Amino acid sequence: MSGFRDSASGSQPYKDPTPLPDSVPRVQELGVTSAPLKSAAFFIGAYCKEYNEDFMLCKNEGRGDPGQCLKEGRRVTRCATDLINKMRENCLEQFDAHWGCLELNNQEYYACRKPERTLNKCMFEKLGLTKTVPGTPVGKKQIHEVENPIYTTVQR
């Protein structure tokens, strides 16, 4: 049974008292906000590609049953957690600078190309990961590699 709970008077965050069933595998959450996730998104896509593809395949075959793909979803979460931890260990300064820039600039990539380049360089040198934007036409530069972009923080 649900009841009214005044959010202003609560000193503790809401925690659902209903435990998950034992059939649901346990996994720690990533523990990051949207800006670090957006900063790491393309690297997570490359690093966790196989897990993401398994999850999407399961989801498409599930025909509306969300409980069918919980194990695959947990694998994606574990993979993303692993990468975020590796990013923190190897490229903490660049990672913090990039997601901090995103946080201050309405999460717009074009406003944060300079810290993005340093993060991309660090990720390649230390983890061997490159940022690749899906859907970029063959033979064209990736959007983050363009020297004179149309969109900048100062509009002409």
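One can find the structure itself at the top, above this paragraph.
Residues numbered from 1 in each chain as written. Predicted model: local features only at pLDDT ≥ 70, side-chain atom pairs only at ≥ 80, totals over all residues. Heavy atoms only, no water.

Peer 1: Describe helix α1 (residues 34–47), with residues and values.
Peer 2: In this model, α1 (14 residues) spans 18 Å end to end at C-alpha, consistent with the 20 Å of a helix rising 1.5 Å per residue. Maximum bend of α1: about 55°, positioned at alanine 41. Taken together, the buried positions of α1 are Ala35, Pro36, Ser39, Ala40, Phe43 and Ile44. Contacts from the buried residues of α1 go to α2 (49–62), α3 (70–104) and α4 (113–127). (Helix = DSSP H or I, 4+ residues; strand = E, 2+ residues; numbered from the N terminus. Expected span 1.5 Å × (residues − 1). Bend = angle between axes of the 7 residues up to and from the residue. Buried < 20%, exposed > 50% of the residue type's maximum accessible area, 1.4 Å probe, protein only. Contact = heavy atoms within 4.5 Å.)

Peer 1: Which residues make up α2, and what values go with them?
Peer 2: When the terminal C-alpha atoms of α2 are compared, their 20 Å separation across 14 residues agrees well with the 20 Å that a helix rising 1.5 Å per residue should span. Arginine 63 lies just past α2 and shows a positive phi near 50°.

Peer 1: Can you tell me about unusual backbone geometry, naming the residues and giving the values?
Peer 2: Backbone geometry places asparagine 106, a non-glycine residue, at a positive phi of 55°. Positionally, asparagine 106 belongs in the loop between α3 and α4. By relative accessible area, which is 62% here, asparagine 106 ends up exposed.

Peer 1: Could you give an account of the pattern of salt bridges, with specific residues and numbers?
Peer 2: As enumerated under the stated definition, the model contains two salt bridges in all. Between aspartate 82 and lysine 86 there is a salt bridge; the shortest N-O distance is 3.7 Å. Of this pair, aspartate 82 and lysine 86 both sit in helix α3, separated by four residues, roughly a single helical turn. Overall, aspartate 82 belongs to the partly exposed group, its relative accessible area being 34%. Between glutamate 116 and arginine 113 there is a salt bridge whose closest N-O contact spans 2.8 Å. With a gap of three residues between them, glutamate 116 and arginine 113 both fall in helix α4, about one helical turn apart. Each member of the pair, glutamate 116 as well as arginine 113, carries the same accessibility label: buried. (Salt bridge = Lys/Arg side-chain N within 4 Å of Asp/Glu carboxyl O.)

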